[in-house]
Amino acid sequence: MNPTRLLAATAVAGVAALALSGCVAKADAAGTGALTVTSTADDCAVSSSSAPSGTVAFQIDNKSDQVTEFYLLASDGLRIVGEVENIAPGASRSLTVVAQPGDYFTLCKPGMVGDGVGKKAFAVTGEAVALDGADAEQKQQAVDLYAAFVKDQTGQLVPAVQTFAAAYEAGDDAAAREQFPRVRAFYERIEPVAEALGDLDPRIDYREVDAVAEGLQWTGFHRIEKDLWVPAQDALNADGETPAWKDWAPSTTAERATYGDQLIADTQELYDYVHSDDFTRTLEAQGVAGISNGAIALLDEVATGKISGEEDWWSKTDLHDFAANVEGSKMAFSLVRDFAESKGDKGASLVSRIDAGYADLEAALAAHGSADAGFVPYPQLTEADKRQLTDLINALAEPLSQLTVTILE
């Protein structure tokens, strides 16, 4: 939420597990023949559902009439292990990754937006592959995979916002309320990117009290949220002092059209930026330290806004944002995890503590719901629940704060 935070200090809502995709000496990598992938308008057919660990190659043929992308996703269906984009209709491209044993998914994305098509399970079997390739090459791969994750999230955010805004503008408040926390998850995982772009995050995600305090026009998700969950006449705003109806009234149909269209335009601006050369140059300049710092910063987002219940003040959907920030933080960590673990006993111990911290925090959060099934409204948390989550955030924040310096040693 802080528009002045540098991307270098937060670079990102993190991404693909380097532990799943690293560089190894060719002599040690188990080579395989290329698997064929046929991408169509509604399917993503892979010639095999498994491969041995080591170097895995895919040959993607685009049989659709749209430019497409191909992804190899980690077991959570979110982290990107490898991807190839901009495959023109009728064209073929190849993707080569070094994959560790485990469960994955394959997916194609015609049009390069939305959820994609033909998502299927893919297994990598055999022994773990040692990461003994060139350090510089591994670090560049980490940056590339982070960029791929951000592009993927904005590619899903844009059409989701369009659908959400259409429901809001049409007065279908029930549909818009149902979509609100799920649409926001795409943004929350990559929020620091928008925060680095001046007034873009304020336009998309400022709360009313923040906009008023800074003399800004209040637009974005939370302006729409208040229309969808109209407060009681005697309610107070998130600062606990300002009357909810002071200088505010439910939006007219014309005003809804303005706010909805503005949110669409602002998320499109974010999409355009992350597909620009400027974004690529920024990431490459920051390197893995920026990604590591992103893991720390996204956990800070949880600690400073979500755990207090002040973020989604009217909808009470804060736990959805909480979960998305944790996902982003964990994915950023997973991308640089191997660099930390390679730093001897100290690095291995740090990684073990961070792994345990994420596991404990995720388990506690799961007691209150899930991203798929939904989370309980924030007021249903007891004071003991809030203390537990706060303690777990703090317990994870301590070792996580040492991540960047360990990587750079």
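Everything below is about the structure printed above this text.
Attention here is on the structure that accompanies the text. For clarity, every value in this text was computed on a predicted model and none was experimentally measured. (Residues numbered from 1 in each chain as written. Predicted model: local features only at pLDDT ≥ 70, side-chain atom pairs only at ≥ 80, totals over all residues. Heavy atoms only, no water.)

**Things to note about the overall build of the protein**
Turning to step 1, where the next piece is worked out: Along its length, the protein carries 12 helices and 11 strands.
Turning to step 2, where the next piece is worked out: On C-alpha atoms alone, the protein measures out to a radius of gyration of 22 Å, which is about the 22 Å that the 2.2 N^0.38 rule sets for 409 residues.
Turning to step 3, where the next piece is worked out: With respect to the principal axes defined by its C-alpha atoms, the protein has extents near 70 × 50 × 35 Å.
Turning to step 4, where the next piece is worked out: In the protein, once contacts between residues fewer than 6 apart in sequence are set aside, the share between residues at least 24 apart is 74%.
Turning to step 5, where the next piece is worked out: For the protein, the distance from the average site of its 30 positive side-chain charges to the average site of its 64 negative ones is 1 Å. (Helix = DSSP H or I, 4+ residues; strand = E, 2+ residues; numbered from the N terminus. Rg over C-alpha atoms; globule rule 2.2 N^0.38 Å. Contact = heavy atoms within 4.5 Å. Lys, Arg positive; Asp, Glu negative; His and termini not counted. Charge placed at Lys NZ, Arg CZ, Asp CG, Glu CD.)

**Side note on the packing of helix α1 (residues 135–169) against helix α9 (residues 318–341)**
Turning to step 1, where the next piece is worked out: At a minimum axis separation of 10 Å, α1 and α9 run at an interaxial angle of 175 degrees. In terms of orientation, α1 and α9 fall into the roughly antiparallel class. Where α1 abuts α9, its residues Asp 135, Gln 138, Lys 139, Ala 142, Leu 145, Tyr 146 and Phe 149 lie against Met 331, Leu 335 and Phe 339.
Turning to step 2, where the next piece is worked out: Of the residues in the contact of α1 with α9, the class split is seven nonpolar, one polar and two charged. (Axes fitted to C-alpha atoms, helices over the stretch in contact; angles between N-to-C directions. Parallel < 35°, antiparallel > 145°, perpendicular 65-115°, else oblique. Nonpolar A, V, L, I, M, F, W, Y, C, P; charged D, E, K, R; others polar.)

**Remarks on the pattern of salt bridges**
Turning to step 1, where the next piece is worked out: Per the stated rule, a full pass over the model turns up 27 salt bridges.
Turning to step 2, where the next piece is worked out: Asp 43 is paired through a salt bridge with Lys 120; the nearest N and O atoms lie 2.7 Å apart. In this pair, Asp 43 is assigned in the loop between β1 (35–39) and β2 (44–46) and Lys 120 in strand β9 (residues 117–125), connecting sequence segments 77 residues apart.
Turning to step 3, where the next piece is worked out: When its relative accessible area of 29% is taken as the criterion, Asp 43 is described as partly exposed.
Turning to step 4, where the next piece is worked out: On the basis of relative accessibility, which here comes to 32%, the residue Lys 120 falls in the partly exposed class.
Turning to step 5, where the next piece is worked out: Between Glu 310 and Arg 207 there is a salt bridge; the shortest N-O distance is 3.2 Å. Here Glu 310 is found in the loop between α8 (277–306) and α9, whereas its partner Arg 207 is found in the loop between α4 (200–205) and α5 (208–213), with 103 residues between them in sequence. (Salt bridge = Lys/Arg side-chain N within 4 Å of Asp/Glu carboxyl O. Buried < 20%, exposed > 50% of the residue type's maximum accessible area, 1.4 Å probe, protein only.)

**Digging into the sheet that holds β2**
Turning to step 1, where the next piece is worked out: The strand order across the open sheet built from four strands is β2-β1-β4-β7, with neighbouring strands paired in mixed fashion. Of all strands in the sheet, those bounded by a partner on one side alone are β2 and β7 (92–99). The sheet shows a mean angle of 25 degrees between the axes of neighbouring strands, taken without regard to direction.
Turning to step 2, where the next piece is worked out: Bridging between β1 and β2 involves three bridges; their strand directions are antiparallel. Residue pairing for β2: Val 37 is matched across the bridge by Val 46. (Pairing = 2+ DSSP bridges.)

**Thoughts on helix α7 (residues 253–274)**
Turning to step 1, where the next piece is worked out: Relative to the 32 Å expected for 22 residues at 1.5 Å per residue, α7 spans 32 Å between its end C-alpha atoms, a close match to the ideal helical length.
Turning to step 2, where the next piece is worked out: For α7, every residue scored as buried is listed here: Arg 256, Tyr 259, Gly 260, Leu 263, Asp 266, Thr 267, Leu 270, Tyr 271, Tyr 273 and Val 274.
Turning to step 3, where the next piece is worked out: Buried residues along α7 sit against α1, α2 (173–189), α3 (191–195), α4, α6 (221–228) and α8. (Expected span 1.5 Å × (residues − 1).)

**Observations concerning the packing of aromatic side chains**
Turning to step 1, where the next piece is worked out: Overall, the coordinates contain 12 aromatic pairs when judged by the stated rule.
Turning to step 2, where the next piece is worked out: Taking the centre distance of 6.2 Å and the plane angle of 40 degrees together, the rings of Phe 164 and Phe 221 count as tilted. With Phe 164 in helix α1 and Phe 221 in helix α6, the pair connects residues that are 57 residues apart, well separated along the chain. Pair check on accessibility: Phe 164 and Phe 221 agree, each one buried.
Turning to step 3, where the next piece is worked out: Here the aromatic rings of Trp 245 and Trp 248 are separated by 5.0 Å at their centres, their planes lie at 80 degrees, and the arrangement is edge-to-face. (Phe/Tyr/Trp six-rings, centres within 6.5 Å; stacked < 30°, edge-to-face > 60°.)

**Here we look at the environment of Ala 167**
Turning to step 1, where the next piece is worked out: Structurally, Ala 167 can be placed in helix α1.
Turning to step 2, where the next piece is worked out: A relative accessible area of 9% means that Ala 167 is categorised as buried.
Turning to step 3, where the next piece is worked out: Considered as a pair, Ala 167 and Gly 260 are 93 residues apart in the sequence and their alpha carbons are 9.3 Å apart.

**Some points on the layout of surface pockets**
Turning to step 1, where the next piece is worked out: Approximately 1,100 Å³ is the volume found for the largest pocket.
Turning to step 2, where the next piece is worked out: Lining the largest pocket we find 39 residues, and of these Asp 76, Leu 78, Arg 189, Glu 327 and Ala 371 sit closest to its centre.
Turning to step 3, where the next piece is worked out: Put simply, the parts of the chain that give the lining of the largest pocket at least two residues each are β5 (68–73), α1, α2, α9, α10 (344–366) and β10 (369–370).
Turning to step 4, where the next piece is worked out: For the lining of the largest pocket, the element with the most residues is α9, which contributes 10 residues.
Turning to step 5, where the next piece is worked out: Broken down by class, the residue content of the lining of the largest pocket amounts to 19 nonpolar, six polar and 14 charged. (1 Å grid on protein atoms, 1.4 Å probe; cavity = no way out; pocket = protein on both sides within 12 Å on 5 of 7 lines; lining within 4 Å. Points joined across faces, edges and corners; volume = space filled by probe spheres on them.)

**Side note on empty space enclosed by the protein**
Turning to step 1, where the next piece is worked out: In this structure the tally under the stated criterion is one cavity of 30 Å³ or more.
Turning to step 2, where the next piece is worked out: Taken as a whole, the largest cavity spans an internal volume of roughly 50 Å³.
Turning to step 3, where the next piece is worked out: Around the largest cavity, the lining residues are Arg 207, Glu 208, Trp 218, His 222, Glu 225, Asn 237, Glu 311, Trp 313 and Trp 314.
Turning to step 4, where the next piece is worked out: The residue makeup of the lining of the largest cavity, split by class, is three nonpolar, two polar and four charged.

**A short note on the state of the cysteines**
Turning to step 1, where the next piece is worked out: Under the definition given, this model contains one disulfide.
Turning to step 2, where the next piece is worked out: The residue that forms a disulfide with Cys 44 is Cys 108, at a sulfur-sulfur distance of 2.1 Å. For the disulfide bridge between Cys 44 and Cys 108, the dihedral angle about the S-S bond is near 55 degrees, and by the sign convention the bridge is right-handed. Taken together, the positions of Cys 44 in strand β2 and Cys 108 in strand β8 (residues 102–108) put the pair 64 residues apart, joining distant regions of the chain. Residue Cys 44 shares its accessibility class with Cys 108, and that shared class is buried. (Disulfide = S-S within 2.5 Å.)

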